[in-house]
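These are the residues of each chain, in order.
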Amino acid sequence: MQKKKTQIWPATDLTRHRKYLVQAAHILQNGGLVAFATETVYGVGANALDENAVADIFRAKGRPQDNPLIVHISDLQALSDLTREIPLVAKQLAEQFWPGPLTLVLPRSDRISDTVSAGLPTVAVRMPSHPVALELIRLAGVPIAAPSANRSGGPSPTTAQHCIDDLQGRVDVILDSGPCTVGLESTVINLTETPPRLLRPGAVTPEQLQDLVGAINVDESVYKMVEMANSPASPGVKHKHYTPKARVSLVHGDFAAYRQFMQEQAQGDAFGLVFDGEEEKLPVPCISYGKEEDPLSQAERLFSALRELDAVGAKNVYVRAPQAQGVGLAVYNRLVRAAAFTEIFLQ
Ligand code: TXA
Ligand code: MG
């Protein structure tokens, strides 16, 4: 891929930084790539209706062609343009959770190319709530295809610096809007089957979805490793994900059992990924990723923590497992992938 000169522009204030948003929107209209913040993680966007621009996203990320992209919109009219039909559940979910961290998979209209949808008959659509993302899409005047702005396989970026580390020289612009508040990618739900199927857990929880639309199925890939050959419902799940360079194991059990276990590991190259305040009580170097009782804080910190582990050269990381409930299910889902499904159950 030809090296690009990447501009890094501030975008924390819609009024003060308006000229940068206008220029970035112009670049999107002309087939360029712009990394921008959403409330979940940073995305790398292109005009979803421009197949060449979309193909550039795959090149910039090193993303496998068979993994479709989420299309981001800033108004509901765009949803009608991109989909063939909008079932009642989609209307209910959009009304309740948009703009916000929920992605709806629906039958695609012929405006969506095979490049965006990876040849599937469906399209994934989301209206983000981050004011910069909404304004950028509005100014561009086109739907924006945007995967997370990381190199494929690594942890998603939650700061502009993460985008710079991964995509400098590969995108035209990185808009710096500071850290993302949610920290994990959106919940993805497939509405083309009944009951709907949760494909990826996120900040919108299964309980919240069920309260609104009744029973949903949770795809087995949310908890388990799915065979490559199984053709999973969400193609993304079969690819390598969130993996730092270190070998990661997810350790279940209370803190006393974990501390005991880490005492046994202390002679080697063990590193801990633990909850806030536990670092000083352990015999190995540690990084923390949020409060034990607060999955939102874990979500916000997790991807930064995974990148910090690489930065300090951790080789062998043992993670305190989160409670896999509510938003914690999303935290668990990302961690168990980072660990390539290596789980240790103490007691
Ligand atoms: O929060 C997010 O969703 C972020 C921000 C930037 O919006 N985006 C994001 O995109 O996480 P990406 O490409 O990293 O993840 C998209 C996921 C993948 O697992 C992909 O397989 C799935 O959504 N997906 C996309 N289109 C799909 C479709 N038509 N059917 C099933 N799964 C789909
Ligand atoms: Mg991603």
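In this text, all values refer to a predicted model and were calculated from it rather than measured experimentally.

Cut-offs and rules
- Residues numbered from 1 in each chain as written.
- Chains lettered and ligands numbered in written order.
- Predicted model: local features only at pLDDT ≥ 70, side-chain atom pairs only at ≥ 80, totals over all residues.
- Heavy atoms only, no water.
- Phe/Tyr/Trp six-rings, centres within 6.5 Å; stacked < 30°, edge-to-face > 60°.
- Lys NZ or Arg CZ within 6 Å of the ring centre and 35° of its normal.
- Axes fitted to C-alpha atoms, helices over the stretch in contact; angles between N-to-C directions.
- Helix = DSSP H or I, 4+ residues; strand = E, 2+ residues; numbered from the N terminus.
- Parallel < 35°, antiparallel > 145°, perpendicular 65-115°, else oblique.
- Left-handed = near helix turned anticlockwise from the far one by under 90°.
- Contact = heavy atoms within 4.5 Å.
- Nonpolar A, V, L, I, M, F, W, Y, C, P; charged D, E, K, R; others polar.
- Pairing = 2+ DSSP bridges.
- Right-handed = clockwise from strand over helix to strand, strands pointing away.
- Buried < 20%, exposed > 50% of the residue type's maximum accessible area, 1.4 Å probe, protein only.
- Arc of directions from axis to C-beta.
- Core = buried A, V, L, I, M, F, W, Y, C linked by side-chain atoms within 4.5 Å.

Participant: Any details on the packing of aromatic side chains? Residues and values, ideally.
Facilitator: Here the structure, examined in full by the defined rule, presents 3 aromatic pairs. One cation-aromatic arrangement involves R320 over Y258; the distance from NZ or CZ to the ring centre is 5.8 Å.

Participant: I'd like a rundown of the packing of helix α4 (residues 88-97) against helix α8 (residues 206-213), residues and numbers included.
Facilitator: Viewed as axis vectors pointing N to C, α4 and α8 meet at an angle of 125 degrees, and their least axial separation amounts to 10 Å. Between α4 and α8, the angle falls in the class oblique. The handedness of the crossing between α4 and α8 is right-handed. Contacts between α4 and α8 involve V89, Q92, L93, Q96 and F97 from the former and Q208, L209, L212 and V213 from the latter. Among the residues making up the contact of α4 with α8, the classes are represented as 6 nonpolar, 3 polar and no charged.

Participant: Lay out unusual backbone geometry with the relevant residues and their values.
Facilitator: Backbone torsion omega between W98 and P99 reads -5 degrees, so that peptide bond is classified as cis. Position of P99 relative to the elements: it lies in the loop between α4 and β5 (102-107). At the junction of T194 and P195, the peptide bond is cis and its omega measures out at -10 degrees in the coordinates. Within the fold, P195 resides in the loop between β9 (187-190) and β10 (197-200). Here the phi dihedral of A340 falls at roughly 50 degrees; this positive angle occurs in a residue that is not glycine. Of note, A340 is situated in the loop between α11 (327-338) and β16 (343-345).

Participant: Describe the pairing of β10, naming the residues involved and giving the relevant values.
Facilitator: In terms of strand pairing, β9 meets β10 through 3 bridges, oriented antiparallel. By the bridge assignment for β10, I189 is matched with L198. In textbook terms, the turn of a hairpin is the stretch between consecutive antiparallel strands, and for β9 and β10 this stretch comprises 6 residues. In the sheet, β10 pairs with strand β11 (residues 217-218) via 2 bridges, with the strands oriented parallel. Bridge assignment links L198 to a residue of β11, and that residue is V218. What joins β10 to β11 is α8, and the crossover it makes is right-handed.

Participant: How would you summarise α8 if you had to cite specific residues and measurements?
Facilitator: All buried positions along α8 are accounted for by P206, L209 and V213. Viewed end-on, α8 has its buried residues packed into an arc of 65 degrees, placing them on one side of the element. Considering only its buried residues, α8 is in contact with α4, β5, β9, β10 and α11. Positive backbone phi, at 85 degrees, marks G214, one or two positions downstream of α8.

Participant: Before we move on, could you go through the nonpolar core and cite the residues and values that matter?
Facilitator: The nonpolar side chains of a soluble globular protein tend to be buried with one another. Core analysis: the biggest nonpolar cluster contains 47 residues, and I73, L93, W98, L102, L104, I189 and L209 have the highest contact counts within it. For this core, the leading source of residues is helix α2 (residues 51-61), giving 5 residues. In this view, L102 contacts L93, F97, V125, R126, S186, T187, I189, V204 and L209; residues no more than four positions away in its chain are not counted. A299, V327, A330 and A339 belong to the second-largest nonpolar core, a separate cluster that totals 29 residues.

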